[in-house]
Amino acid sequence: MTAGQKLTGRYAASIMPNYGQPPVALARGEGCWVWDADGERYLDLIGGIAVSALGHGHPAIVQAVTRQVATLAHTSNLFVHEPEVELAERLLGLLGAAGGRVFFANSGTEANEAALKVVRRFQDKHGGADRHVIVAAEHGFHGRTRGALALTGKASIREPFGPFGLTVRFVPYGDETALREATGTDCAAVFLEPCQGEAGVVPAPGGYLRAARAACDSAGALLVLDEIQSGIGRTGAWFAHQREGVLPDVLTLAKGLGGGLPIGACIGLGECGTALDKGDHGSTFGGNPVACAAALAVLDTIAADGLLDHVASLGNRLVTGIGAIGHPLLTGVRGQGLWLAITLAGPVAGRAEEACRNAGFLVNAVQPDAIRLAPPLILSSAQAGLFAQALPAILTEAAR
Ligand SMILES: Cc1ncc(COP(=O)(O)O)c(C=O)c1O
């Protein structure tokens, strides 16, 4: 029995079966490469589901985390510490908003839970206490706790856990008219992803976020953008919504923000920043100094190394390269920056994911007919080229 088989056997006997059985036991990583428990090397093109923004073992994160853990690892929310304040200031600066405040959590789901409470409090304070409806998109994903899950537009994962105590009106994603019609005076907020990640990296049509902004403004509802997967450089902009020139009322972040350390952020802009009063919300670990230090290292490195431009141009080249492959199983490639879905002619994404792995590439079967790439933002052109070159043979293996 291999080391990987031994470990996955122990996993099956000790970890709850909600993730099924992962196919590989990873042991270490360096840059965009990872090695499994038996020493096999893979190019990591999924980055821990759009998390490992700087890859593995990046010196900036290692130094920041090492220094911070040795200086002050935890304070709780009873005390102030510099990394948390600095990170909040930096995020607000990147948003370019006139005013705002940040609540730090530990995950994306928690950031969305905080957003739900901000919406509720804001509406209570501004004459909207009877607005009981949230509008969200079909096939959207906002997390697994029961507030975030109530907003999640995939019935198969939501419905077994209802009812939720939250009235959510689901609309087809990308349909401006449906969104406008659903956003009435009973609506407290609209929750949207600028590009639906878990649905298979499905970008909103141009103008959709602007239409959402206008629908919210005319109905007196708040616009909450979930940039948990799309934010922090993933699409080649700090935040995906910036391409549309709109500002949300509330923005949620996680994933790439910590570069592998667990952190989430709920950013309230304007008066949403001060909607929560003392005692309204909290988290023991949220805004932990070590996670904040890692996030600051991520932001510094993206800026210093010009990674936004790199992500945009390498993403374009990958789309062109993959799009030029004439293979009967390949129907297209969509997405932006280093966040792409390769679409397939049938429900064979599981087989394609396995064929990628056999060829030394980690990707994710995000939908039955689509595999997702969300590699570290530091992926090199040569590394992307390795994958593009190997893809025809991978597709042929998946088609067998
Ligand atoms: C858009 C979006 N929102 C929320 C979440 C939930 O984040 P987490 O798994 O960190 O709780 C995810 C995770 O995939 C996501 O993609």
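Predicted model, so just to flag it, every value in this text is computed and none were measured.

## Details of the site of the ligand
Here's step 1: Taken together, 13 residues lie near the ligand, and G108, T109, D226, Q229 and K255 sit nearest.
Here's step 2: The contact in question runs from a nitrogen atom of the ligand to an N or O atom on the backbone of F141, over 3.3 Å.
Here's step 3: At 2.7 Å from an oxygen atom of the ligand is found a side-chain nitrogen or oxygen belonging to Q229.
Here's step 4: The fraction of the free accessible surface of the ligand (390 Å²) that becomes covered by protein chains is 82%.
Here's step 5: Top element by residues in the shell around the ligand is helix 5 (residues 108-125). It accounts for 3 residues.
Here's step 6: Partitioning the shell around the ligand into residue classes produces 2 nonpolar, 7 polar and 4 charged.

## Some words on unusual backbone geometry
Here's step 1: Residue P163 is reached from G162 by a cis peptide bond, and omega for that bond is 0 degrees.
Here's step 2: A positive phi angle is found at V201, which is not glycine, with a value near 50 degrees.
Here's step 3: If you trace the backbone, V201 turns up in the loop between strand 8 (195-196) and strand 9 (202-203).

## Overview of the pairing of strand 2 (residues 33-36)
Here's step 1: Burial along strand 2 is two-sided: the residues W33 and W35 and V34 and D36 are all buried.
Here's step 2: One ladder, built from 4 bridges, connects strand 1 (residues 26-30) with strand 2; its direction is antiparallel. When the bridges of strand 2 are listed, L26 appears paired with D36.
Here's step 3: Sheet analysis places strand 2 next to strand 3 (residues 41-44), joined by 3 bridges and oriented antiparallel. Paired with W33 across the two strands is L43, which belongs to strand 3.
Here's step 4: Here strand 2 folds back onto strand 3, and the loop between the two strands holds 4 residues, one of which, G39, carries a positive phi near 90 degrees.

## Side note on the sheet that holds strand 17 (residues 370-373)
Here's step 1: One open sheet accounts for 4 strands, arranged 13-14-17-16; its pairing is antiparallel. Each having just a single partner strand, strand 13 (330-335) and strand 16 (364-367) make up the two edges of the open sheet. Averaged over neighbouring strand pairs, the angle between their axes works out to 30 degrees when direction is ignored.
Here's step 2: In terms of strand pairing, strand 14 (residues 340-344) meets strand 17 through 4 bridges, oriented antiparallel. Bridge pairing links T343 to A370 in strand 17.

## Let's talk about the packing of helix 3 (residues 59-71) against helix 10 (residues 289-304)
Here's step 1: It is at 8 Å that the axes of helix 3 and helix 10 come closest, and there the two elements cross at 150 degrees. Considering their axes alone, helix 3 and helix 10 lie roughly antiparallel with respect to each other. Taken as a pair, helix 3 and helix 10 cross one another with a handedness that is right-handed. Here A60, I61, A64, V65, Q68 and V69 of helix 3 lie close against helix 10, whose contacting residues are P289, V290, A293, A294, A297, V298 and T301.
Here's step 2: By residue class, the composition of the contact of helix 3 with helix 10 is 11 nonpolar, 2 polar and no charged.

Conventions we followed
- Residues numbered from 1 in each chain as written.
- Predicted model: local features only at pLDDT ≥ 70, side-chain atom pairs only at ≥ 80, totals over all residues.
- Heavy atoms only, no water.
- Near = heavy atom within 4 Å.
- Polar contact = N/O pair within 3.5 Å; in protein donor to acceptor, adjacent residues only side chain to side chain.
- Areas by Shrake-Rupley, 256 points an atom, 1.4 Å probe, with all protein chains shown as cover.
- Helix = DSSP H or I, 4+ residues; strand = E, 2+ residues; numbered from the N terminus.
- Nonpolar A, V, L, I, M, F, W, Y, C, P; charged D, E, K, R; others polar.
- Buried < 20%, exposed > 50% of the residue type's maximum accessible area, 1.4 Å probe, protein only.
- Pairing = 2+ DSSP bridges.
- Axes fitted to C-alpha atoms, helices over the stretch in contact; angles between N-to-C directions.
- Parallel < 35°, antiparallel > 145°, perpendicular 65-115°, else oblique.
- Left-handed = near helix turned anticlockwise from the far one by under 90°.
- Contact = heavy atoms within 4.5 Å.

The values reported here are purely geometric and, on their own, carry no functional implication.
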